[in-house]
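The lines below spell out each chain.
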Amino acid sequence: MNRLEGLSIIITAGPTVEAIDPVRFLSNRSSGKQGYLIAEVLAEHGADVRLISGPTCLPCPNDVSRIDVESARDMLAAVESELPASVFIAVAAVSDWRPAEFYELKAEKAALSSTLELVENPDILKAVSQHTEKRPDLVIGFAAETHDLLERARAKRLRKGCDWIIANNVSGDVMGGDENAAVLITSDREVEWARATKREIAVKLANAIDATRATH
Ligand code: C5P
C-alpha cells in the first residue's frame, strides 16, 4: 500500500477566483474533484501530499495537507513557498486573466462600465517547469480542451516545459461530473485512459508515477 512512500508531491486543484471588488469575481466551473481524488489516492499510497486549492466545496482528503488560496497569484506564491517537491501536478483551472484593477469598496455599476480591463495571470505550471533551482523531478500538467485534443495537448506540453500532460476532453459533462477520459502524453508515449470515474483516473496516474519512480 505504501509504494509511494518518500515521495513529496504538490498538487494544485480547483478554480482560482479573481476579485473585481469585495463582492464580485471572475472564476470558472472547476469543481476540484479530479485534483482532490488525485491527492487522496496518492496519499493512500504513502506519498506526502500537499494540496494547494482554490475555493471548492470538497472536504480535505485524509492525510493530505491543504493550503487554501483564492487567486492565481496567491496560488503561485503558495506553490513557490512549498517547493521543493519530487512531483508537481497542476490540476487547477487557473484563471488566465484577472481584472486590471481591484476596487476596495463595492464598485458602482457606472464605475465598472461595459468593458472590464483584464491583465494576464502568471502561468504556474510553466513557472514550476522552468524553475532553475527547485524544479521537481516530474512535472505534470493537464490540458482540458473542447476540440483538437491531442494536437493542442502535445503543443501545450512543449510550450509549458512540463514532462507529462494529461489531455482531457471537457466538451461534455466532465467539469463538475464524476467521470473523466484522458490521454497521458509524455516525451515518448501516449497512453489512452478510457472513460472511467475520476477516482479510477487518479489511480491510473498514481500507477504511472509509481512505474516511473525507478527512473527518477
Ligand atoms: O494553458 P492552459 O490553461 O490550458 O494550461 C493548463 C495547465 O496549465 C493545467 O495543468 C493548469 O493547472 C496549468 N495552468 C497553470 N497556471 C495558469 C494556467 C494554467 O498552472 N495560469
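Worth saying up front: this structure is predicted, and the values here are computed from it rather than measured.

S.K.: Honestly, the pairing of strand β9 (residues 138-145) in this entry has me stumped. Any pointers?
M.R.: On any regular strand, side chains alternate: one points to one face of the sheet, the next to the other face. Burial analysis of β9 places 7 of its 8 residues in the buried class, which makes it a mostly covered element. Two strands pair when backbone bridges link them, and strand β6 (residues 87-90) and β9 are joined in this way by 4 bridges, in the parallel orientation. From the neighbouring strand, Ala90 faces β9, where its bridge partner is Gly141. Bridge count for β9 against strand β10 (residues 164-169) is 6 bridges, and the pairing is parallel. The residue bridging Ile140 from the neighbouring strand is Trp164, located in β10. Each parallel crossover has a hand, and the one from β9 via helix α5 (residues 149-160) to β10 is right-handed.

S.K.: Help me understand the pattern of salt bridges, please; the structure alone is not making it clear to me.
M.R.: For side chains bearing opposite charge, pairing can occur when the charged atoms are close. Inspection of every chain in the model, using the stated rule, returns 14 salt bridges. Note that Arg3 and Asp210 form a salt bridge whose closest N and O atoms lie 2.8 Å from each other. Taken as a pair, Arg3 in the segment before β1 (8-13) and Asp210 in helix α6 (residues 198-212) lie far apart in primary sequence, 207 residues in all. Residue class for Asp210 comes out partly exposed when judged on its relative accessible area of 24%.

What counts, and at which threshold
- Residues numbered from 1 in each chain as written.
- Predicted model: local features only at pLDDT ≥ 70, side-chain atom pairs only at ≥ 80, totals over all residues.
- Heavy atoms only, no water.
- Buried < 20%, exposed > 50% of the residue type's maximum accessible area, 1.4 Å probe, protein only.
- Helix = DSSP H or I, 4+ residues; strand = E, 2+ residues; numbered from the N terminus.
- Pairing = 2+ DSSP bridges.
- Right-handed = clockwise from strand over helix to strand, strands pointing away.
- Salt bridge = Lys/Arg side-chain N within 4 Å of Asp/Glu carboxyl O.

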